[in-house]
Number of protein chains: 2
Amino acid sequence: MTVDQRPSVQLPSATRYLSLVADKLALTEEVLRRNLESDVPFIQKSGEYIFEGGGKRIRPAMLLLCARLLGRDSDEEVTYGAVVELIHNATLIHDDIIDHSSLRRGRETVNQLWGNGLTVLLGDWLYTTSMRMAIDHGNIEVIRVLCDGTLRMTEGELLALERLGKIDLTVDEYLEITERKTAQLFAAACSIPAVIFPQRLELAEPLARYGRSLGLCFQLVDDLLDFTGQESELGKPVLSDLKEGRLTLPLILLLPRVGPRRRDLIRRVLDDRDFLSVEPEEILELVEAEGTVDETFERAVGYADEARRALDVLPGGDAREALEFAPDFVLNRRS
Amino acid sequence: MTVDQRPSVQLPSATRYLSLVADKLALTEEVLRRNLESDVPFIQKSGEYIFEGGGKRIRPAMLLLCARLLGRDSDEEVTYGAVVELIHNATLIHDDIIDHSSLRRGRETVNQLWGNGLTVLLGDWLYTTSMRMAIDHGNIEVIRVLCDGTLRMTEGELLALERLGKIDLTVDEYLEITERKTAQLFAAACSIPAVIFPQRLELAEPLARYGRSLGLCFQLVDDLLDFTGQESELGKPVLSDLKEGRLTLPLILLLPRVGPRRRDLIRRVLDDRDFLSVEPEEILELVEAEGTVDETFERAVGYADEARRALDVLPGGDAREALEFAPDFVLNRRS
């Protein structure tokens, strides 16, 4: 299956499956809002701004579906859903400082509106608040999973930043970075329900494996959308990654196969951090000609299959069906 | 007692009292070093750099003395000593980004050496690592105290940053900021030993009160040293706070008492963030003439007394003597 052969968007199925956790997702929003209230005016103001901006809430949705799969039904999984979303948002906020981003999801970033200083501190506050929220349920194993996921994510970002702008980034390095930067927090989100009391520790590993593979699939598709997406849907121009110095799989696979002239096109964008002497269309034609967008999609399909296989040992039912469907939804998303 | 009437530095006493926890402080260093090892080259490199730079280690020393006071003697308090030091260092590292600082303790800052992006991520990693280290002892109450202390500290910094450069900062606002920014982590450090099993929860409150008062004393003296210290001892020029837009007690107390011309001297430095049209000596003469350095010192003495009074309900012995001496040491420090 190539990108162009993707089935049409399965929105009705997605809506049906998400409806399984719609009530809990609504509660998650409430928990988020309540925990961002503060007597510090800036936290109150910027917290509201961030959560008005929304987001896909994919991490809480996955956590809540995995909780349903294990028959959990309490406030506890709702809290943890809010916690993983908060950790994710703290990362985005600090990332926007690092990337000097002025727009996210079509709105001005926190750093653009209020400067780097307040934004660094807001991210710190969100990270610690997320841990503080999780503590209230008294389950230290969950805190451990959250800390480990957060650490791997930060390490992934450090590795990525150290390799930023480097044209010799290898496939292995890229996958190592992606594994830590994105997949580990998905793995944490999916496995936490097995650690809630009464624990089902034997299911933590397959759930983590599911989350990890889904996370890798998610990130590969995210990287692909930078080549195949529409600016109007993405809220940012195409080839933003390359322009910001980030080499992703379609170009990493392509580079060893092309001659110095084409290689140089990519190098110039990486060096200039802009399309000064190269047109975005030249890069897009290149990946199309070499078929590396499709190859990347194939790899994403491979991770989707891996995710589904990890579910084999897990209980059946509507949540299992939803989790089996999730990789398809991720593969077919347009933004 | 005024600043000039301070007794000569009581170094022999300080050394004697610190020797009570010297072994544990050495172990703390080992724990710090071990937990900063990483397969991420940048973490390894910058972690070594930070800890070669040293520091006063006052927070672990206080935690370890409070642990001794309660008869604790295990690895657990050593871990928590390392944890509070790590939290403190994470703050400094993020602060240096916010303040655009290029020097700390006479050495180049992490942001100066490696840029803001890596430094934001390193601070995040240190915060999460500190929580991760604390988890290993399985005491969720300790994690709660650490998270709460860290949150108050971040809030204090947010409040301070929002009021940066403002000439109308009030004494109450200044104390509110200082309470959160500095005193709360001292309070956490001192009260944690009461939360270690077997818990002595009835002693957590007086120990927190001791730490809070000592922290306020510590910060007031820190602010004073910016007026009275020597550049060679401080590792930074005098009046750095004012130059960076931070109004501290000697000037906050002075401002309502002087006329528009003198007020304007201070405003110009705050606005320019530099001594362009005002000499540092003019400001120093001003606080000397109005006696507000001595008044600030009096307040610090008040907090020192408060700290000592909080010890009344605590067990006697060598650790209690050391804790009674600590406020004097803080009052008399020169750097």
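A quick note: this is a predicted structure, and the numbers were derived from the prediction, not measured. (Residues numbered from 1 in each chain as written. Chains lettered and ligands numbered in written order. Predicted model: local features only at pLDDT ≥ 70, side-chain atom pairs only at ≥ 80, totals over all residues. Heavy atoms only, no water.)

1. Looking at the pattern of salt bridges
Line of reasoning, step 1. In total, this model carries 60 salt bridges over all chains according to the counting rule given.
Line of reasoning, step 2. With a shortest N-O distance of 2.5 Å, Asp148 of chain A and Arg132 of chain B are connected by a salt bridge. With one member in each of two chains, Asp148 of chain A in helix α8 (residues 140-162) and Arg132 of chain B in helix α7 (residues 116-135) form a pair that bridges those chains.
Line of reasoning, step 3. Classification of Arg132 of chain B by relative accessible area gives buried; the value is 18%.
Line of reasoning, step 4. It is possible to trace a salt-bridge network through shared partners that takes in Asp39 of chain A together with Arg152, Glu155, Glu176 and Arg180 of chain B. (Salt bridge = Lys/Arg side-chain N within 4 Å of Asp/Glu carboxyl O. Helix = DSSP H or I, 4+ residues; strand = E, 2+ residues; numbered from the N terminus. Buried < 20%, exposed > 50% of the residue type's maximum accessible area, 1.4 Å probe, protein only.)

2. With respect to the relation of the copies chain B and chain A
Line of reasoning, step 1. When chain B is fitted to chain A, the best match, at an RMSD of 0.0 Å, comes from turning it 180° and sliding it 0.0 Å along the axis. The transformation just described matches what one would write down for a two-fold rotation axis. Considering only C-alpha atoms, the residue of chain B closest to the rotation axis is Ile140 of chain B, which sits at 3.1 Å.
Line of reasoning, step 2. Take the interface residues of chain B: 100% of them recur as interface residues in chain A, which is what a same-surface contact looks like. (Least-squares fit on C-alpha atoms with pLDDT ≥ 70 in both. Contact = heavy atoms within 4.5 Å.)

3. Looking at the interface of chain B and chain A
Line of reasoning, step 1. Contacts between the two partners involve 39 residues from chain B and, on the opposite side, 39 residues from chain A.
Line of reasoning, step 2. Taking both partners together, chain B and chain A bury about 3700 Å²; carbon and sulfur atoms supply 74% of that area.
Line of reasoning, step 3. Ranking the residues of chain B by area buried against chain A places Leu121, Ile140 and Leu158 of chain B at the top, with a combined share of 16%.
Line of reasoning, step 4. Linking chain B with chain A are six salt bridges.
Line of reasoning, step 5. Summed over the shared surface of chain B and chain A, the result is 10 residue pairs in polar contact (both at pLDDT 80 or more).
Line of reasoning, step 6. Breaking the side of chain B that touches chain A down by element, the ones donating at least two residues are α3 (41-52), α5 (75-98), α7 and α8 (140-162) of chain B.
Line of reasoning, step 7. Broken down by element, the side of chain B that touches chain A gets its largest block of residues, 14 residues, from α8 of chain B.
Line of reasoning, step 8. Across the side of chain B that touches chain A, the residue classes break down as 21 nonpolar, eight polar and 10 charged. (Buried area = accessible area lost by both parts, 1.4 Å probe. Polar contact = N/O pair within 3.5 Å; in protein donor to acceptor, adjacent residues only side chain to side chain. Nonpolar A, V, L, I, M, F, W, Y, C, P; charged D, E, K, R; others polar.)

4. Some words on the confidence of the model for chain A
Line of reasoning, step 1. In the predicted model, chain A carries a mean pLDDT of 94, and the fraction of residues at 70 or more is 96%.
Line of reasoning, step 2. If you check the scores for this complex, the pTM reads 0.95 and the ipTM reads 0.94. (pLDDT = per-residue confidence, 0-100.)

5. Quick look at the side chain of Ser46 of chain B
Residue and element names in this part refer to chain B.
Line of reasoning, step 1. Note that Ser46 resides in helix α3.
Line of reasoning, step 2. Judged by its relative accessible area of 0%, Ser46 is buried.
Line of reasoning, step 3. Each residue touching Ser46, except ones within four places of it in the same chain, is listed here: Trp114 and Leu122.

6. Describing the side chain of Glu157 of chain A
Line of reasoning, step 1. Within the secondary structure, Glu157 of chain A is located in helix α8.
Line of reasoning, step 2. Buried within the structure, Glu157 of chain A lacks any salt-bridge partner; its nearest side chain of opposite charge belongs to Lys181 of chain A, at an N-O separation of 6.4 Å.
Line of reasoning, step 3. Excluding its chain neighbours within four sequence positions, the residues that come into contact with Glu157 of chain A are Thr91, Asp95 and Lys181 of chain A together with Leu121 of chain B. (Lys, Arg positive; Asp, Glu negative; His and termini not counted.)

7. Comments concerning the packing of aromatic side chains
Given two aromatic rings, one states the distance between the centres and the angle between the planes to describe the pair.
Line of reasoning, step 1. Taken as a whole and judged by the stated rule, the model has 10 aromatic pairs over all chains.
Line of reasoning, step 2. Relative to Phe325 of chain A, the ring of Tyr17 of chain A lies with its centre 5.1 Å away and its plane at 35°, an arrangement referred to as tilted. Here Tyr17 of chain A, found in helix α1 (residues 11-18), pairs with Phe325 of chain A, found in helix α17 (residues 318-332); they are 308 residues apart in sequence, far enough to count as distant.
Line of reasoning, step 3. By relative accessible area, which is 10% here, Phe325 of chain A ends up buried.
Line of reasoning, step 4. Measuring from ring centre to ring centre gives 5.6 Å for Tyr49 of chain A and Trp114 of chain A, while their planes differ by 90°; the resulting arrangement is edge-to-face. With Tyr49 of chain A in helix α3 (residues 41-52) and Trp114 of chain A in helix α6 (residues 110-114), this residue pair connects regions lying 65 residues apart in the sequence.
Line of reasoning, step 5. For Trp114 of chain A, a relative accessible area of 23% translates into the label partly exposed.
Line of reasoning, step 6. Connected via pairs of aromatic rings, a cluster forms that spans Tyr17, Phe325 and Phe329 of chain A.
Line of reasoning, step 7. Directly above the aromatic system of Tyr17 of chain A lies the positively charged group of Arg16 of chain A, at a separation of 4.7 Å from the ring centroid.
Line of reasoning, step 8. A cation over a ring is seen here: Arg107 of chain B above Tyr49 of chain B, with NZ or CZ 3.9 Å from the ring centre. (Phe/Tyr/Trp six-rings, centres within 6.5 Å; stacked < 30°, edge-to-face > 60°. Lys NZ or Arg CZ within 6 Å of the ring centre and 35° of its normal.)

8. Things to note about helix α9 (residues 171-195) of chain A
An α-helical turn contains 3.6 residues, so any two residues separated by three or four positions project in the same direction.
Residue and element names in this part refer to chain A.
Line of reasoning, step 1. Helix length check: α9, at 25 residues, gives a terminal C-alpha distance of 33 Å against a target of 36 Å (1.5 Å per residue), a fit within 8%.
Line of reasoning, step 2. At Ala183, α9 shows its strongest bend, of approximately 45°.
Line of reasoning, step 3. Most of α9 is tucked away: 19 of the 25 residues are buried. (Expected span 1.5 Å × (residues − 1). Bend = angle between axes of the 7 residues up to and from the residue.)

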